[in-house]
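This is what each chain is made of:
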Amino acid sequence: MISDICPVCGMATVAEVPSVEHHQMYFHFCSEQCRETFEATPQLYASGTVEKRTPVIKQRNLYLAEACAAEDMKVNEACLKEMMGVKEVHFQGDRLQISYDLMQITQARIEQLLNELGVPLDNSWWQRVQRGWTHNAEENELDNLARGDGACCNRSPPGA
Ligand SMILES: [Zn+2]
């Protein structure tokens, strides 16, 4: 059966985005972003529906190489908000405050988009180390969620 609901975000799928096979099931997506998210950890999205999934909201500060010009700010904010899973975006001087659902987007993907938008990040040693830590932590968290670690406590006891 082919679903017309994107398994990552719950929006309508589009035919232009290639489908992905996982355990002999074909999945369709609303966007390239959701397809990439699915392919990184398919176990997370292959079963269950978006409504049953708990969002994993992250709030981050990203430091920019220089303050974002006022005229670029609105465009950049709009582009970031168009990404699946991005909730709040706020530029303040050389700082970008952003919140997002880790189930739909990672900080690494957000940094990639900033790069595409021509918004350079602070490349000092300390900021690069911090971003590296966050990338690792987010990958581990998604892996753990995919394996179901810690989910036992939320499950009803057998026979209940
Ligand atoms: Zn989607």
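Nothing here was measured: the structure is a model prediction, and the numbers come from that model.

Reading guide: rules and limits
- Residues numbered from 1 in each chain as written.
- Predicted model: local features only at pLDDT ≥ 70, side-chain atom pairs only at ≥ 80, totals over all residues.
- Helix = DSSP H or I, 4+ residues; strand = E, 2+ residues; numbered from the N terminus.
- Buried ≥ 20, exposed ≤ 12 C-beta atoms within 10 Å, placed from the backbone.
- Contact = placed C-beta atoms within 7 Å.
- Core = buried A, V, L, I, M, F, W, Y, C linked by C-beta atoms within 7 Å.
- Domains from an automatic or database assignment.
- Pairing = 2+ DSSP bridges.
- Axes fitted to C-alpha atoms, helices over the stretch in contact; angles between N-to-C directions.

A. Main features of the overall build of the chain. Regarding its fold elements, the chain presents five helices and five strands. Over its C-alpha atoms, taken along the principal directions, the chain stretches across nearly 55 × 35 × 25 Å. Buried positions account for 21% of the 160 residues belonging to the chain. Counting only contacts in the chain whose residues sit at least 6 apart along the sequence, the fraction spanning at least 24 positions is 56%.

B. Region of the structure containing the nonpolar core. Ranked by size, the top nonpolar core spans 22 residues in total, and within it C6, V8, C9, F29, C34 and I98 carry the most contacts. Elements supplying a minimum of two residues to this core: α2 (42-46), β4 (86-92), β5 (95-101) and α4 (107-117). The greatest single-element share of this core, amounting to three residues, is contributed by β5. In this structure, this core is formed jointly by two domains, domain 1 (1-53) and domain 2 (57-146), each of which donates at least three residues. Residue contacts for C6: discarding those within four places in its chain leaves M11, T13, F29, C30 and C34.

C. Representation of the environment of I105. Mapped onto the elements, I105 comes out in the loop between β5 and α4. Sequence separation of I105 and V8 is 97 residues, and the distance between their C-alpha atoms is 9.8 Å. Setting aside anything within four residues of it in sequence, one finds I105 in contact with T37, M83, M84, G85, V86, Y100 and I110.

D. Structural detail: the sheet that holds β4. If you walk across this open sheet you meet the three strands as β3-β5-β4, and the pairing is antiparallel. This sheet does not close on itself; its edge strands, each paired only once, are β3 (57-63) and β4. Recorded for the sheet is a direction-independent mean angle of 10 degrees between the axes of neighbouring strands. As defined by bridge partners, β4 adjoins β5 across six bridges and the pair is classed as antiparallel. Across the sheet, H90 pairs through a bridge with Q97, a residue of β5. Lying over the sheet, helix α3 (residues 70-82) contacts β4 and β5, oriented at roughly 160 degrees with respect to β4.

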